[in-house]
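Understanding the architecture of this molecule
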Amino acid sequence: MPLEHHYPALIIAILFGFAFLSPVIYKYTRKASVPVFITALSLTIFMALAMLFRIYADGPFTYHMGGWAPPWGVEFRIDLLRVFMLLIILGISSWIIVYAVKDLEHELKHNLIGWYYSLYALLVGSMAGMAMTNDFFNLFVLMEICAISACAIISIKEDRACLEASFKYLILSAMGTGCFLLGVAMLYMVTGHLNFAFVSEALPQAFELYPNNLFSASALFIVAFGTKAALFPLHVWLPDAHASAPSPSSAMLSGLVIKIYAFSLFVIFYQVFPRDLLDSLPLNQIILWLSVLGIMFGSIFAMVQVDLKKMLAYSSIGQIGYVFLGFGLDHNMAIIGGLYHILVHAIMKSMLFMTAGVIIYSTGVRRIKDLNGVGHVLPLTMVAFTIGSASMIGIPGTGGLISKWYLALGALETGQPFFVVIILASSLLNAIYYMPIIVNAFMQQDEFQIKAKPVPRSMTATLVVGMVAVIFFGVVSRPIIVLLEQAIQFLL
Amino acid sequence: METLTKIIQNYYYMIAILLFIIGMHTMLTHSNLIKKVIAMNIMDASVFLLFVAIGYTHGGQAPIIEEGKDILFVNPLPGALMLTGIVVAVSITAYALSLVVKIYRYYGTVDYDEICLIRSQE
């Protein structure tokens, strides 16, 4: 078989391979490890793009690990939806790693940096696998790899707050995977398969015979993915974990890790479960109302925070609510809005955590109160913060507007204007806690007394890229929307 | 009565679910971190038991196929999967225990309530 048929497996193999090599490379040649990592990530992005063009040419395809066809082998399914997610993961993570180079030297012990890259590569590889996999058990294994490496990039900083936060995260995510595996057992019991396609073929009949198994499985999946994606009442681990982690880890965790679980839940509910099940149980309603609570409470909690990174972490709880809102509304427009929000929020939240990281790197300030006048010391950083916040609020010209627009359209199409009110109210709440920071940072002159270290060029460059991307996806949204419209054709 | 017979017939599923609930409850409510890790293992083990029970056939043999013989065999797939699951659970446990060691070094206790108290005083 020609090499391009193996791209799905190669993407994961390259990332996991680098994870094993990284500490060795770092030990012998410190300078080489980042260029090698970026080369590896670029290679994977190239492969993902090649797969995208192949889908446009020949339609969706599957890849069988080791040549074993399902139901025995592990299968990867590559369609537009999966490639969309894959490209977000690979693109954002290579963007963050450029930023991470200088930040990590500041935040970690030097001998740990090689290990950090190795954990980072494991995290990216497992998320890429989760985006592509078409097999329940494979999904479970990748989820566990993702959980361990996500906790480890928090605890690697090794201070009191990080250790406690990552233990809490580990326990709750172990509960999540336990529930997921039990749910998979329920499905395996009635269908005898683990492959998504085979399970979804067998489920309509199984649903008539053993509805209780499917009910419990769907409840367990909501708990499992809800915990991992920080859906509202299960979000308790998120603020500490995301706020205490090193800034590149925060950007990664808030930007990508919570999204991939929301995406997996979407794939399972809409691609695997039969339509009758979704109609006979109020699953969508549960997700919908939990997401509404998350949107409101995430914003309200964010308002009272004193720590900048903690505020951003609470804001993530509100923002992941939008993604679930789109899935819960169960209308094409709303789902497109939710999926588009995965992309936009990944960019803007990563950028906001990076600006927080730059502020900490350069001045050491973490408290929101102490940020008055920082706009005069770090003008570019605060402009990036402003654009990121504008996108959070949904000001026209930024990506945040497009996803909110589609969510609102979906809510109106399904005849539930209440959710439009929620979206508007939450935008207002976002404005309430982001605006004062911006206004005080620029308007209060002479307030900021701390001498700022110069910001390294690689950090500034990543912020500029982020600003351009936020505005680009706000102005030129059409190609992505068209891609998503084609990607969710299976719902029609 | 019918429900009761069903429960008795499928008692191995019930035991697995019971273990799962014990594990989850202990994990979420006990404040001792080591107990949390143990409970995590109980929870994982319960799911492994459930999976293996699904694959069991009464009177079945190991799935080694001999020519000319038509034997009843147990489903080998759940067993094979759970072997992977056990490996995953071991690695999570190892990582969790190493975190507990570090937490003990930094806080001087493995009790979560005490840690919260220490953190609130900082």
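Calculation criteria
- Residues numbered from 1 in each chain as written.
- Chains lettered and ligands numbered in written order.
- Predicted model: local features only at pLDDT ≥ 70, side-chain atom pairs only at ≥ 80, totals over all residues.
- Helix = DSSP H or I, 4+ residues; strand = E, 2+ residues; numbered from the N terminus.
- Rg over C-alpha atoms; globule rule 2.2 N^0.38 Å.
- Buried ≥ 20, exposed ≤ 12 C-beta atoms within 10 Å, placed from the backbone.
- Contact = placed C-beta atoms within 7 Å.
- Nonpolar A, V, L, I, M, F, W, Y, C, P; charged D, E, K, R; others polar.
- Axes fitted to C-alpha atoms, helices over the stretch in contact; angles between N-to-C directions.
- Parallel < 35°, antiparallel > 145°, perpendicular 65-115°, else oblique.
- Left-handed = near helix turned anticlockwise from the far one by under 90°.
- Core = buried A, V, L, I, M, F, W, Y, C linked by C-beta atoms within 7 Å.
- Pairing = 2+ DSSP bridges.

Things to note about the overall build of chain B
Counting secondary structure elements, chain B contains five helices and zero strands. The order of α-helices and β-strands along chain B, N terminus first, is α-α-α-α-α. Expected size for 122 residues packed as a compact globule is a radius of gyration near 14 Å; at 20 Å, chain B overshoots this value by more than 25%. C-alpha extents for chain B along the principal axes are approximately 75 × 40 × 10 Å. Within chain B, the fraction of its 122 residues that count as buried is 25%. A sequence separation of at least 24 residues applies to 49% of the contacts in chain B between residues at least 6 apart.

Some words on the overall build of chain A
In terms of regular secondary structure, chain A is built from 20 helices and two strands. For 492 residues, the compact-globule estimate of 2.2 N^0.38 gives 23 Å, and the C-alpha radius of gyration of chain A, at 22 Å, lies within 12% of that figure. Dimensions along the principal axes, computed over C-alpha positions, put chain A at roughly 70 × 60 × 45 Å. Excluding contacts between residues fewer than 6 apart, the proportion of contacts in chain A whose partners are at least 24 apart in sequence is 80%.

Structural notes on the environment of Lys369(A)
Position of Lys369(A) relative to the elements: it lies in the loop between helix 14 (332-363) and helix 15 (374-377). For the pair Lys369(A) and Val306(A), spaced 63 residues apart in sequence, the C-alpha to C-alpha distance is 7.1 Å.

Here's the deal with the interface of chain A and chain B
Where interface size is given, it is often the accessible area lost as the parts come together that is meant. With 21 residues of chain A in contact, the opposing surface of chain B contributes 27 residues. Sorting the residues of the side of chain A that touches chain B by element identifies helix 5 (136-155) and helix 6 (160-191) of chain A as the ones contributing at least two each. Among the elements that make up the side of chain A that touches chain B, the one with the highest residue count is helix 6 of chain A (15 residues). Its residues assigned to classes, the side of chain A that touches chain B shows 14 nonpolar, three polar and four charged.

Looking at the packing of helix 14 of chain A against helix 16 (residues 379-393) of chain A
All names here are of chain A. It is the contact of helix 14 with helix 16, at a shortest axis distance of 9 Å, that shows an interaxial angle of 150°. The pairing of helix 14 with helix 16 is recorded here as roughly antiparallel in orientation. In this structure, the crossing between helix 14 and helix 16 has a hand that is left-handed. Side by side, helix 14 and helix 16 meet where Val344, Met348, Met351, Leu352, Thr355, Val358 and Ile359 of the first sit next to Thr381, Ala384, Phe385, Gly388, Ser391 and Met392 of the second. Partitioning the contact of helix 14 with helix 16 into residue classes produces nine nonpolar, four polar and no charged.

So, unusual backbone geometry
Residue and element names in this part refer to chain A. Residues other than glycine seldom take positive phi values, yet Glu158 does so here, at roughly 55°. Residue classification places Glu158 among the partly exposed positions, given that 15 C-beta atoms sit within 10 Å. The phi dihedral of Asp330 falls on the positive side, at around 60°, and the residue is not glycine. Counting through the fold element by element, Asp330 comes out in the loop between helix 13 (308-329) and helix 14.

Things to note about the environment of Val100(B)
All names here are of chain B. Tracing the backbone through its elements, the reader meets Val100 in helix 4 (residues 76-107). By C-beta crowding, Val100 is classed as partly exposed, having 18 other C-beta atoms within 10 Å. Spatially, the C-alpha atom of Val100 lies 29 Å from that of Leu50, the residues being 50 residues apart in sequence. Residue contacts for Val100: discarding those within four places in its chain leaves Leu33, Ile34, Val37 and Val110.

Examining the nonpolar core
Grouped together as the largest cluster of nonpolar side chains are 218 residues, with contacts concentrated most on Ile89(A), Met127(A), Ala128(A), Ile153(A) and Ala262(A). In this view, Ile153(A) contacts Tyr116(A), Leu119(A), Tyr120(A), Leu123(A), Ala245(A), Ser249(A) and Met252(A); residues no more than four positions away in its chain are not counted.

Section: the pairing of strand 2 (residues 75-78) of chain A
Residues and elements named next belong to chain A. Burial along strand 2 is two-sided: the residues Glu75 and Arg77 and Phe76 and Ile78 are all buried. Of the pairings in the sheet, the one linking strand 1 (residues 61-64) to strand 2 comprises four bridges and is antiparallel in character. Note that in strand 2 the partner of His64 across the bridge is Glu75.

Read these as spatial facts, not as claims about activity.
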